[in-house]
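A look at the structure
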Amino acid sequence: KAGVTQTPRYLIKTRGQQVTLSCSPISGHRSVSWYQQTPGQGLQFLFEYFSETQRNKGNFPGRFSGRQFSNSRSEMNVSTLELGDSALYLCASSFGTGLNEQFFGPGTRLTVL
Amino acid sequence: DAKTTQPPSMDCAEGRAANLPCNHSTISGNEYVYWYRQIHSQGPQYIIHGLKNNETNEMASLIITEDRKSSTLILPHATLRDTAVYYCIVRAIIQGAQKLVFGQGTRLTINP
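A quick note: this is a predicted structure, and the numbers were derived from the prediction, not measured.

Some details on the side chain of Gln-68 of chain A
All names here are of chain A. Relative to the helices and strands, Gln-68 resides in strand β7 (residues 64–68). A distance of 3.2 Å separates a polar atom in the side chain of Gln-68 from the backbone nitrogen of Ser-51. For Gln-68, the contacting residues outside a window of four places in its chain are Arg-30, Val-32, Tyr-49, Phe-50, Ser-51, Glu-52, Thr-53, Arg-73 and Ser-74.

This is the structure:
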């Protein structure tokens, strides 16, 4: 069974631009969560989607948004990029109920210049 | 979710057991203890979780104290590939909610 895939793996953008990151969960998984990882703040929860609905949201500004499609694939969007948005963005999928382990993808490394 | 406290770093010799402690003194009755690890440049990997009984799987063992205020992850025969940052996470199981709150973790280095 294929793991969680994220595209692109690396991305360079400039301040003020917007970016869209994609995540394909493990087949059969309906829950997708997004995390941001930076050296200073560590791993921080962004949001979680289940059956196309946002179920949970972390403490990030409205510039960070996401969505989930009917096939469980998910995208996250960051508008008006700032230098501080440079980070590794990780996607994790799980079957759905709260007890299930999350499987993480390799991440997308975003650099904002 | 309850806060966890872990030592920032630990060393262990290859082939020996690595014992990683975690304090979670404010844990509540419906909160589970989860362990994940992150090898450099990869996404976190699930290791094990438990509520109050000790748990064992093919990767590790989890020992939770009777008062549930602390736990220890045990890697029985550490290898160089176990070098990683290990995260102890405490969370309640809410139907459909998959939020994980990561602390700073313990950087475990396995030495040859």
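Digging into the sheet that holds strand β8 (residues 74–78) of chain A
Residues and elements named next belong to chain A. One open sheet holds the four strands; their spatial order is β1-β3-β8-β7, and the pairing between them is antiparallel. One side of each edge strand has no neighbouring strand; the edge strands of this open sheet are β1 (5–7) and β7. Geometrically, the sheet is characterised by an average inter-axis angle of 20° between neighbouring strands, direction not taken into account. When strand β3 (residues 19–24) meets β8, the two strands line up antiparallel, connected through five bridges. Opposite Thr-20, over in β8, you have Asn-77 as the bridge partner.

Let's talk about the pairing of strand β9 (residues 106–111) of chain B
If a strand is regular, its side chains alternate between the two faces of the sheet. Residues and elements named next belong to chain B. Covered by surrounding structure in β9 are Thr-106, Leu-108 and Ile-110 only, the residues Arg-107, Thr-109 and Asn-111 on the alternate face being uncovered. Judged from the five bridges that link them, strand β1 (residues 9–13) and β9 form a sheet pairing that is parallel. When the bridges of β9 are listed, Ser-9 appears paired with Arg-107.

What to know about the sheet that holds strand β5 (residues 55–56) of chain B
All names here are of chain B. Here we have four strands laid out as an open sheet, ordered β2-β7-β6-β5, and antiparallel in their pairing. In this open sheet, the two strands that pair with only one neighbour each are β2 (18–23) and β5. As defined by bridge partners, β5 adjoins strand β6 (residues 61–64) across two bridges and the pair is classed as antiparallel. Paired with Glu-55 across the strands is Leu-62, a residue of β6.

Quick notes on the environment of Tyr-35 of chain A
Residues and elements named next belong to chain A. Looking at the element boundaries, Tyr-35 is found in strand β4 (residues 31–38). Exposure remark for Tyr-35: the relative accessible area of 0% places this residue in the buried category. Expressed as a C-alpha distance, the spacing of Tyr-35 and Ser-74, which sit 39 residues apart in the sequence, is 13 Å. Among the polar contacts made by the side chain of Tyr-35, one reaches the side chain of Gln-102 at a distance of 3.4 Å.

What to know about the environment of Thr-4 of chain B
Residues and elements named next belong to chain B. Counting through the fold element by element, Thr-4 comes out in the segment before β1. Looking at Thr-4, the relative accessible area reads 14%, which means it is buried. Measuring from C-alpha to C-alpha, the distance between Thr-4 and Ile-89 comes to 6.7 Å, with 85 residues separating the pair along the chain. Among residues more than four places away in sequence, those in contact with Thr-4 are Cys-22, Asn-23, His-24, Cys-88, Ile-89 and Val-90. Polar side-chain contacts of Thr-4 include one of 3.1 Å to the backbone oxygen of Cys-88.

Quick look at the packing of aromatic side chains
The geometry of two aromatic rings is summed up by the distance between their centres and the angle between their planes. In the structure shown here, the tally under the stated rule is 11 aromatic pairs over all chains. Between Tyr-35 of chain A and Phe-102 of chain B the ring centres are 5.8 Å apart and the planes differ by 90°, which places this aromatic pair in the edge-to-face class. Of this pair, Tyr-35 of chain A sits in strand β4 while Phe-102 of chain B sits in the loop between β8 (84–92) and β9, on two different chains. Between Phe-104 of chain A and Phe-102 of chain B, the aromatic rings sit 6.2 Å apart at their centres with planes inclined by 75°, giving edge-to-face as the arrangement. Of this pair, Phe-104 of chain A sits in strand β10 (residues 103–104) while Phe-102 of chain B sits in the loop between β8 and β9, on two different chains. By relative accessible area, which is 12% here, Phe-104 of chain A ends up buried. Each member of the aromatic cluster is reached from another via a ring pair, and the members are Tyr-35, Phe-45 and Phe-104 of chain A together with Tyr-34, Tyr-36, Tyr-46, Tyr-87 and Phe-102 of chain B.

Criteria and cut-off values
- Residues numbered from 1 in each chain as written.
- Chains lettered and ligands numbered in written order.
- Predicted model: local features only at pLDDT ≥ 70, side-chain atom pairs only at ≥ 80, totals over all residues.
- Heavy atoms only, no water.
- Helix = DSSP H or I, 4+ residues; strand = E, 2+ residues; numbered from the N terminus.
- Polar contact = N/O pair within 3.5 Å; in protein donor to acceptor, adjacent residues only side chain to side chain.
- Contact = heavy atoms within 4.5 Å.
- Pairing = 2+ DSSP bridges.
- Axes fitted to C-alpha atoms, helices over the stretch in contact; angles between N-to-C directions.
- Buried < 20%, exposed > 50% of the residue type's maximum accessible area, 1.4 Å probe, protein only.
- Phe/Tyr/Trp six-rings, centres within 6.5 Å; stacked < 30°, edge-to-face > 60°.

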